[in-house]
Amino acid sequence: QLQLVESGGGLVQPGGSLRLSCAASGFTSAYYAIGWFRQAPGKEREGVSCISSSGGVTNYADSVKGRFTISRDNAKYTVYLQMNSLKPEDTAVYYCAAQWAGVLNRLCVFDSNGMNYWGKGTLVTVSS
């Protein structure tokens, strides 16, 4: 009952930046933690970042720490992933996913299991 739509992907030069958006529609609640995941060609899906329903807790994979920033605007039902200093190895389809948190407003885990809803993904290509 919750629909997630990613946007903002595209082609960017190494060292460049992109901002991904994850917009929620349908049944919408502020009681979801949101995770960003990515899947590179020929590789397994991996967790990138997450943000708790309150926005008060964020976590990042070591590979993106210091370069990516996750944020959310619950009034707009949108979560963002600001990606800076992009590297070719960041090339992947990026997915957002929602996990029902209820009163656990500091829940923030970017494991695929446990996510209740998934977007269809947006492609990020980092290349010269």
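Below is a summary of the structure that appears in this document. Owing to the predicted nature of the structure, the values given are computational and were not obtained by experimental measurement. One numbering rule holds for all chains: residues counted from 1, following each sequence as written. Confidence filtering applies because this is a predicted model: local features only for residues at pLDDT of at least 70, side-chain atom pairs given and counted only at 80 or more, and all residues used for totals across whole chains, interfaces and linings. Side-chain numbers here rest on the full set of heavy atoms in the structure, without hydrogens or water.

Examining the side chain of Gln-82
- Each helix is a run of H or I in the DSSP string that is no shorter than four residues. Each strand is a run of E no shorter than two, and both are numbered from the N terminus. Relative to the helices and strands, Gln-82 resides in strand β8 (residues 78-83).
- Of the polar contacts made by the side chain of Gln-82, one reaches the side chain of Asn-84; its length is 3.0 Å.
- Every residue pair with non-hydrogen atoms within 4.5 Å of one another is taken to be in contact. The contact partners of Gln-82, leaving out residues within four places of it in the chain, are Ser-17, Leu-18, Arg-19, Arg-67, Phe-68 and Thr-69. Polar contacts, as counted here, are pairs of nitrogen or oxygen atoms within 3.5 Å of one another; within protein the pair requires one atom able to donate a hydrogen and one able to accept it, and residues that are adjacent in sequence qualify only if both atoms are side-chain atoms.

Some words on the state of the cysteines
- Note that a disulfide, as used here, is simply two cysteine sulfur atoms within 2.5 Å. Evaluation of the coordinates by the stated rule reveals two disulfides.
- At a sulfur-sulfur separation of 2.0 Å, the disulfide partner of Cys-22 is Cys-96. Here the S-S torsion is close to 70°, and the disulfide linking Cys-22 with Cys-96 is therefore right-handed. Highlighted residues: Cys-22 in strand β3 (residues 18-26) and Cys-96 in strand β9 (residues 92-100), separated in sequence by 74 residues.
- Note that Cys-50 is cross-linked by a disulfide to Cys-108, the S-S spacing being 2.1 Å. The sign of the 110° torsion about the S-S bond sets the Cys-50-Cys-108 disulfide as right-handed. You can see Cys-50 sitting in strand β5 (residues 46-51) and its partner Cys-108 sitting in the loop between β9 and β10 (117-118), a full 58 residues away along the chain. Judged on exposure class, the residue Cys-50 and its partner Cys-108 are both buried.
- By sequence-ordered numbering of the bonded cysteines, the protein chain has its disulfides arranged as 1-3, 2-4. Buried means the residue's accessible area, taken with a 1.4 Å probe over protein chains only, is under 20% of the maximum for its type, while exposed means over 50%, and partly exposed covers the values in between.

Observations concerning the packing of aromatic side chains
- Geometry of aromatic contacts follows a simple scheme: Phe, Tyr and Trp rings, the Trp one being its six-membered ring, pair when their centres are within 6.5 Å, and the pair is stacked under 30 degrees between planes, edge-to-face over 60, tilted otherwise. Tallied over the full model, the rule gives four aromatic pairs.
- A ring pair is formed by Tyr-32 and Trp-100, whose centres lie 5.2 Å apart and whose planes are at 80°; its orientation type is edge-to-face. On the criterion of sequence distance, the pair formed by Tyr-32 in strand β4 (residues 32-39) and Trp-100 in strand β9 is long-range, its members being 68 residues apart.
- Look at Tyr-32 and you get buried, because its relative accessible area is 3%.
- Ring geometry for Tyr-32 and Tyr-117: centres 6.0 Å apart, planes at 75°, overall edge-to-face. Separated by 85 residues along the polypeptide, Tyr-32 in strand β4 and Tyr-117 in strand β10 bring together distant segments of the chain.
- Three or more aromatic residues joined by ring pairs form one cluster here, namely Tyr-31, Tyr-32, Trp-100 and Tyr-117.

Overview of the environment of Gly-8
- As for its position among the elements, Gly-8 is in the loop between β1 (2-7) and β2 (10-12).
- A sequence separation of 69 residues divides Gly-8 from Tyr-77, and the C-alpha atoms of the two residues are 16 Å apart.
- If near-sequence neighbours (up to four positions away) are discounted, Gly-8 is found in contact with Leu-18, Arg-19, Leu-20 and Thr-122.

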